[in-house]
Amino acid sequence: MFDEIMEKFEGSPSQQAVIRLLLERGFSVNDEGRVVSGGIEIPNTGIAREIDVDRRVVDSTTDAILDDEELRRIFQNISQVPSLMDLAPVLDLTVLSIQVTDAEQEGIVATVTTLLAEEGVSIRQTISEDPEFTDEPRLYIVTDQPLPGDLINELTDLPFVRSLELK
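Residues numbered from 1 in each chain as written. Predicted model: local features only at pLDDT ≥ 70, side-chain atom pairs only at ≥ 80, totals over all residues. Heavy atoms only, no water.

Quick word on helix H4 (residues 55-67)
In an α-helix, one turn spans 3.6 residues; hence positions three or four apart end up facing the same way. Between the first and last C-alpha of H4 there are 19 Å, a value that for 13 residues agrees with the 18 Å anticipated at 1.5 Å per step. Within H4, the full set of buried residues consists of Val-57, Val-58, Thr-61, Thr-62, Ile-65 and Leu-66. For H4, the elements touching its buried residues are helix H2 (13-25), strand S1 (28-29), strand S2 (35-37), helix H3 (44-51) and helix H5 (69-75). Regarding H4, its N-cap is Asp-54, as a side-chain oxygen of that residue lies 2.8 Å from the backbone nitrogen of Arg-56 further along. (Helix = DSSP H or I, 4+ residues; strand = E, 2+ residues; numbered from the N terminus. Expected span 1.5 Å × (residues − 1). Buried < 20%, exposed > 50% of the residue type's maximum accessible area, 1.4 Å probe, protein only. Contact = heavy atoms within 4.5 Å. Polar contact = N/O pair within 3.5 Å; in protein donor to acceptor, adjacent residues only side chain to side chain.)

Listed below in structure tokens is the structure:
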């Protein structure tokens, strides 16, 4: 899906940058063509400054979104999920980041969360990046406690794990 969306803007790397930002941040586009997060409007100048494009690029991108029925449905229904990952150091939480060999493989989340549960580790949040929307999707698990070394080794040895990082 991500590739299909980006193809619609293949002639404009600047518009692709706007699309990428909207998807990464979970920003919507309302009926007036304004970028919003929930009911809060985000100024196009702020978006443009963030990705180093002209404000008019943001305007033309949101116009194109509203003119395309498929894009309109996607960008009028996308939403953001609050993440505990950036708060982890402040709240004394552990973040486990797993990069996998094939993100479309079945059972990845189930296998990892089962191993944590069997070890008595309580999970506060699980975020699984969609392979359709990112080039190198990761599975993030936020826990209340540090992970035991034997569990880390067991997770690292799973056949679908490319890399594992603790934060």
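Let's talk about the sheet that holds strand S3 (residues 40-41)
With antiparallel pairing, 3 strands are arranged side by side in an open sheet as S1-S2-S3. Strands at the two margins of the open sheet, each flanked by one partner only, are S1 and S3. Sheet topology note: the S1/S2 ladder contains 2 bridges and is antiparallel. If you follow Ser-28 over to S2, its bridge partner there is Val-36. (Pairing = 2+ DSSP bridges.)

Thoughts on a nonpolar patch on the surface
On the surface, a nonpolar cluster with roughly 280 Å² of combined accessible area is contributed by Leu-87, Val-90 and Leu-91. Here Leu-87 lies in the loop between H5 and helix H6 (88-91). (Patch = residues over 30% accessible without salt bridge, like charges linked within 9 Å, V, L, I, M, F, W, Y side chains within 5 Å. Areas by Shrake-Rupley, 256 points an atom, 1.4 Å probe, with all protein chains shown as cover. Salt bridge = Lys/Arg side-chain N within 4 Å of Asp/Glu carboxyl O.)

So, a negative patch on the surface
Together, Asp-3, Glu-4, Glu-7, Glu-10, Asp-102, Glu-104, Asp-130, Glu-132, Asp-135 and Glu-136 line one region of the surface with negative charge. With respect to the secondary-structure elements, Glu-4 resides in helix H1 (residues 2-7). (Lys, Arg positive; Asp, Glu negative; His and termini not counted. Charge placed at Lys NZ, Arg CZ, Asp CG, Glu CD.)

Description of the sheet that holds strand S7 (residues 161-166)
Read across the open sheet, the 4 strands follow the order S5-S6-S4-S7; overall the sheet is antiparallel. Looking at strand neighbours, the two that pair on one side only are strand S5 (123-128) and S7, the edges of this open sheet. Ignoring which end each strand starts from, the neighbouring axes of this sheet average 15 degrees apart. Looking at chain direction, strand S4 (residues 94-100) and S7 are connected through 5 bridges and run antiparallel. Residue pairing across strands places Leu-96 opposite Leu-166, the latter belonging to S7. (Axes fitted to C-alpha atoms, helices over the stretch in contact; angles between N-to-C directions.)

A closer look at the pattern of salt bridges
Within this structure, the stated rule accounts for 8 salt bridges. The shortest N-O distance in the salt bridge between Lys-8 and Glu-70 comes to 3.2 Å. Of the two residues, Lys-8 sits in the loop between H1 and H2 while Glu-70 sits in helix H5, which places them 62 residues apart along the sequence. Accessibility expressed as a relative area gives 37% for Lys-8, which makes it partly exposed. On the basis of relative accessible area, Glu-70 is assigned to the partly exposed category, the value being 27%. Put simply, Asp-144 and Arg-124 hold a salt bridge, and the shortest N to O gap is 3.0 Å. With Asp-144 in the loop between strand S6 (138-143) and helix H8 (149-156) and Arg-124 in strand S5, this residue pair connects regions lying 20 residues apart in the sequence.

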